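# Chain and residue survey
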Amino acid sequence: MEEAALVRNVTEFGDNALVSAYLEGNETAFEVLMTRYQGRLANYINGILHDYDRSVELCQETFIRVFRNAHRYQGKYQFSTWLYRIATNLAIDELRRRQRKGRFFLYNIMELFSRDERPMPLPDRRQSPDLTYDAKQQRLKLKTAIDSLPEKYRLAFILKEVQDLSYEETAQVLNISLGTAKSRIHRAKLLLREKLSDLL
Amino acid sequence: MNCEQIHELLAESLSWEWDEEVMRHLKECHECSKFCDDLKTLAEMTADLQNEEPVPPEFQNQVFYRLSQSRGAKKFVTPIILILGVIAAGSFYWYGGDKTEPDWAPASSASAELQLNDELEGETTFLEVEVDSSPEGGYILRLPSVIRIKHSNLHEESYITNVSH
């Protein structure tokens, strides 16, 4: 009963309190942190890589690094900012590694054949929530349009608009100024408006 | 406010209802009104992407497993470095002992600096060893200016770069 009460209490903790609890030896606190962020983070990385299995691996790697460096976390930024920053670095490293190795995934190859320089959509093999055909098509078009954005605009847009981070957090994650973050997100929206003109 | 300023304001936030000037402009300007509607629709569509795909059920167990694996591997790093150090020292002694006048040896004025530079943000960890030697004295051991040992957690690999004599 006491253990169950402890777990229940821990789940109500804020992120910083959970990190502190973990550093004091409470591993349940870290499980709660993982549960809180694992879905969002894996989807965020997948939004960059389009490789769900690899995204899950990198998401795990993010938590492992957080685990190891938790004692260095000083609460200067929000915990989520720190988490997203590590995940972003890992995802970008992965993209660079793929480019260096010349590993062309089917997705990239299809992009090459795309006449309007926008990647062609891949069928989503994962289970998706119950959506109508039109809604699915609309979602696919949106994803494709976001994917076709230049990386710097895409990352800023996804963090702010999809992951729902604030402008300040987005700037901190990407290690850019607040003004630059706003400018990139603004530019991303303008580009998306152009690309999705048939839907808007 | 002109249209460009309105566009910037709307692109930054759609919470503009409180601003009478913006409202007035939107009523009068069809282009800005359309721009505002487009951004609202885009925001609604984007919100739909927030629906999470669940991670595999074994996700957390795998994290703890991978963590225990890397902890185990870490135990071997120090002994390996020590063994390499002993081999290197032995090689220096053996090679230098054969000659009456060694080609190179540590200078008395040499200074060494060890710096552990461990990035917080998930960057690669660097162990940097810098050795500065004074040109004074008969022999100077010329070590690489920087010995960088990289350890990548993704691939569990260690290697030495920038080594030159």
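Residues numbered from 1 in each chain as written. Chains lettered and ligands numbered in written order. Predicted model: local features only at pLDDT ≥ 70, side-chain atom pairs only at ≥ 80, totals over all residues.

The next subject is the overall build of chain B. The number of helices and strands found in chain B is 4 helices and 4 strands. A total of 165 residues make up chain B; the buried ones form 8% of that total. Pairs at least 24 residues apart make up 44% of the contacts formed inside chain B by residues separated by at least 6 positions. (Helix = DSSP H or I, 4+ residues; strand = E, 2+ residues; numbered from the N terminus. Buried ≥ 20, exposed ≤ 12 C-beta atoms within 10 Å, placed from the backbone. Contact = placed C-beta atoms within 7 Å.)

Time to look at the interface of chain B and chain A. Facing 30 residues of chain B, the contacting portion of chain A comprises 36 residues. Among the secondary structure elements, those contributing two or more residues to the side of chain B that touches chain A are α1 (3-12), α3 (30-48) and α4 (59-97) of chain B. Considering each element in turn, the side of chain B that touches chain A owes the most residues, 7 residues, to α3 of chain B.

On to the environment of Ala 42 of chain A, then. Here Ala 42 of chain A shows up in helix α3 (residues 27-49). For Ala 42 of chain A, a count of 25 C-beta atoms within 10 Å corresponds to the buried category. Sequence separation of Ala 42 of chain A and Arg 54 of chain A is 12 residues, and the distance between their C-alpha atoms is 9.3 Å. Look past the residues within four positions of Ala 42 of chain A in its chain and what remains in contact with it is Ser 55, Val 56 and Cys 59 of chain A together with Val 55 of chain B.

Further remarks concern the nonpolar core. Judged by nonpolar contacts, the single largest core of 57 residues is most densely connected at Leu 41, Ile 45, Cys 59, Leu 83, Ala 87, Ala 156 and Phe 157 of chain A. The biggest single contributor to this core is α3 of chain A, with 12 residues. Once residues within four sequence positions are removed from consideration, Cys 59 of chain A is found in contact with Gln 38, Leu 41, Ala 42, Ile 45 and Ala 87 of chain A together with Val 55 of chain B. (Core = buried A, V, L, I, M, F, W, Y, C linked by C-beta atoms within 7 Å.)

As a further point, take the confidence of the model for chain A. A residue-level look at chain A finds 81% of positions with pLDDT of 70 or above and a mean pLDDT of 83. No element of chain A has a lower mean pLDDT than helix α6 (residues 106-112) of chain A, at 54, and none a higher one than helix α9 (residues 167-174) of chain A, at 95. (pLDDT = per-residue confidence, 0-100.)

Where helix α10 (residues 178-195) of chain A meets α3 of chain B, the axes come as close as 11 Å, and the angle between the chain directions of the two elements is 95°. With respect to each other, α10 of chain A and α3 of chain B are oriented roughly perpendicular. Residue-level inspection shows Lys 189, Leu 192 and Arg 193 of chain A of α10 of chain A in contact with α3 of chain B, the latter providing Asp 38, Leu 39 and Leu 42 of chain B. Classifying every residue of the contact of α10 of chain A with α3 of chain B gives 3 nonpolar, no polar and 3 charged. (Axes fitted to C-alpha atoms, helices over the stretch in contact; angles between N-to-C directions. Parallel < 35°, antiparallel > 145°, perpendicular 65-115°, else oblique. Nonpolar A, V, L, I, M, F, W, Y, C, P; charged D, E, K, R; others polar.)

Residues and elements named next belong to chain A. Positive phi is not limited to glycine here, since Asp 164 has a value of about 65°. With respect to the element layout, Asp 164 can be found in the loop between α8 (151-162) and α9. A positive phi is found at Asn 175, a non-glycine position, where the angle reads about 60°. Assignment of secondary structure puts Asn 175 in the loop between α9 and α10. On the basis of neighbour counts, which here come to 11 C-beta atoms within 10 Å, the residue Asn 175 falls in the exposed class.

What follows covers α9 of chain A. Because each turn of an α-helix spans 3.6 residues, side chains separated by three or four positions in sequence point in the same direction. Residues of α9 of chain A that are buried: Glu 169, Thr 170, Ala 171, Gln 172 and Val 173 of chain A. Residues of α9 of chain A that are buried make contact with α5 (79-101), α8 and α10 of chain A.

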